[in-house]
Amino acid sequence: IEPIDDSQVESGVYAAIKEAVYTAKHYQDSTEYLQKQEFSAILEQRDLRIEYQPIVALKSGTIMGFESLVRGPANSNYEAPARLFAMAEKYHCLYELESLCRELAISGASQALKDRYLFINVNPLTLYASNHKKGYTRSVLREYGIDFSKVVLELTERNAITDFEVFREALKYYRNQGFLVAIDDAGAGYSSLQAIAELQPEYVKIDMSLVRHIDKNLVKKFMLETITDFCYKINARVIAEGIEDEGELKVITEIGCDYGQGFALGRPGKLNYEISNGMREKINLFGRYVRSNNTAEGRRNGDANMYCAVESKRIGDISMCLPAVDPDTPVHQIVDHFKDRKFVNGIVVCDNLKPVGLVMREKLSTMLGTKYGYDLFMKRSISYIMDNTPLILPYHTGIEDAARQVAERLDK
């Protein structure tokens, strides 16, 4: 047995004393110290589970995207995400935890996401963090082949935003790359409304406290109507969270919320989730109705049966879903298309799902009806004669606004 060097003993004792002093200063007792060790082990071993909850379009019943939700190790002190993130903030490793969650969410979604959106929770504090690494999320998305434009950064703690001007600049970096932004828990307090006004997100998620029992509470219904109307005016889409029964779903759909999320539509789980045919049929039924009276006087009456089938105020609600064609489609096929579909007056031309042109029945007939029109155009591709500067508007554009833009084009 080799003799122990006295200097090694002294060094070991010194290290133990130093660690003991540090522990005494930073932890109230041994229990807290052990919890910190347990938390550190979770990060080191990447011992987290990611579940995905569907976000459903309340007009069609289709799934538009998924929110990724983290869970800690089962039956541990950190299984609940609220405690997991509270401890991460306490131990100053929030950025490390969120980065790990983001990577696991992206890798887990890479095979089944397809053309749907992935909502990732982001605490604004991580964008301010001194150890924040620009390009990290982008590199992970590229590694797993997910388009940046299919990722929505869902801001979860708006109270952490102390300077909106500075935060807008931090967020601009992501928006310039194609990322979308959502404000979480809207309606839960002033901070959410301020964040909507300052950041102008693409999505606004309504807090579940406003959704719960909304079918039995007229005040909640009126509040949601107000928020929804405001969001339409700033071109933000509304997602109602925490829908747990059909009564809530009916009112939320009739109010005009774009999307819904909650146990009634789908619990967190695997990403290949599809809602039931029965629920889809109910969504389609509820979606046939909108508010019959949008005036302040009508809302003050508080009539719980104020819904009936009326003309919508958004162009998306009166639009028709029709097949598009690609730019190389021959003109003669377009002619046959119009012959087979007497009710269709126009066809959209898309290149890789992006609208690039429009063909109108009347204009095409006029061109082919000229002296040499038939011989000149019938064998050409539709890109040769399509209108390549069509008016393209978001589905939630108001009908009056759409009519105004059409009139302005006609005046030019």
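See the structure above.
First, a word on scope: everything that follows refers to the structure included in this document. Each chain has its residues counted from 1, following the order in which its sequence is written. It should be noted that, the model being predicted, local features are given only for residues of pLDDT at least 70 and side-chain atom pairs only at 80 or more, the latter also being counted only at that level, while totals for whole chains, interfaces and linings use all residues. Only hydrogens and water are set aside when side-chain values are computed; all heavy atoms of the structure are taken into account.

The criterion for strand pairing is that DSSP finds at least two bridges linking the strands in question. Secondary structure elements are defined from DSSP: runs of H or I of at least 4 residues count as helices, runs of E of at least 2 residues count as strands, and each element is numbered from the N terminus. Spatial ordering of the closed barrel is given by β1-β2-β3-β4-β5-β6-β7-β8, a layout of 8 strands whose pairing is mixed. The pairing of strand β5 (residues 180–186) with strand β6 (residues 203–206) spans 3 bridges and is parallel. What sits directly across from A182, in β6, is Y203. Should any heavy atoms of two residues lie within 4.5 Å, those residues are counted as being in contact. To obtain an axis, a line is fitted to C-alpha atoms, over the contacting stretch when the element is a helix, and the angle between two such axes runs from 0 to 180 degrees between their N-to-C directions. Strands β1 (49–57), β2 (63–71) and β3 (117–122) of the sheet are contacted by helix α4 (residues 94–109), whose axis makes an angle of about 170 degrees with β3.

Further remarks concern the layout of surface pockets. Using a 1 Å grid laid over the protein atoms alone, points where a 1.4 Å probe fits but cannot get out form a cavity; open sets with protein on both sides within 12 Å along at least 5 of 7 lines form a pocket; any residue with an atom within 4 Å of a point counts as lining. Grid points are joined across faces, edges and corners, and a volume is the space filled by probe spheres set on the points. Of the voids in this model, the second largest pocket is the one considered here, and its volume is about 920 Å³. Taken together, the elements giving at least two residues each to the lining of the second largest pocket come down to β1, β2, α3 (81–90), α4, β3 and β5. Note on residue categories: nonpolar means Ala, Val, Leu, Ile, Met, Phe, Trp, Tyr, Cys or Pro, charged means Asp, Glu, Lys or Arg, and polar means any other residue, Gly included. When grouped by side-chain class, the residues that make up the lining of the second largest pocket number 14 nonpolar, 8 polar and 12 charged.

This part covers the packing of aromatic side chains. Only Phe, Tyr and Trp rings take part, Trp by its six-membered ring, and two of them pair if their centres are within 6.5 Å. Stacked means planes under 30 degrees apart, edge-to-face means over 60, and tilted covers everything else. The full count for this structure, using the stated rule, is 9 aromatic pairs. For the ring pair F148 and F179, a centre distance of 5.5 Å and an interplane angle of 10 degrees mean the geometry is stacked. Placement of F148 in the loop between α6 (136–144) and β4 (151–155) and of F179 in the loop between α7 (164–175) and β5 is noted, with a sequence separation of 31 residues between them. Each member of the pair F148 and F179 is classed as buried. By way of ring pairs, the aromatic residues Y117, F119, Y203 and Y259 are connected into one cluster. For a Lys NZ or an Arg CZ to count as sitting over a ring, it must be within 6 Å of the ring centre and within 35 degrees of the ring normal. The lysine or arginine in question, R237, covers the ring of Y203, its NZ or CZ lying 4.4 Å from the ring centre. Buried means the residue's accessible area, taken with a 1.4 Å probe over protein chains only, is under 20% of the maximum for its type, while exposed means over 50%, and partly exposed covers the values in between.

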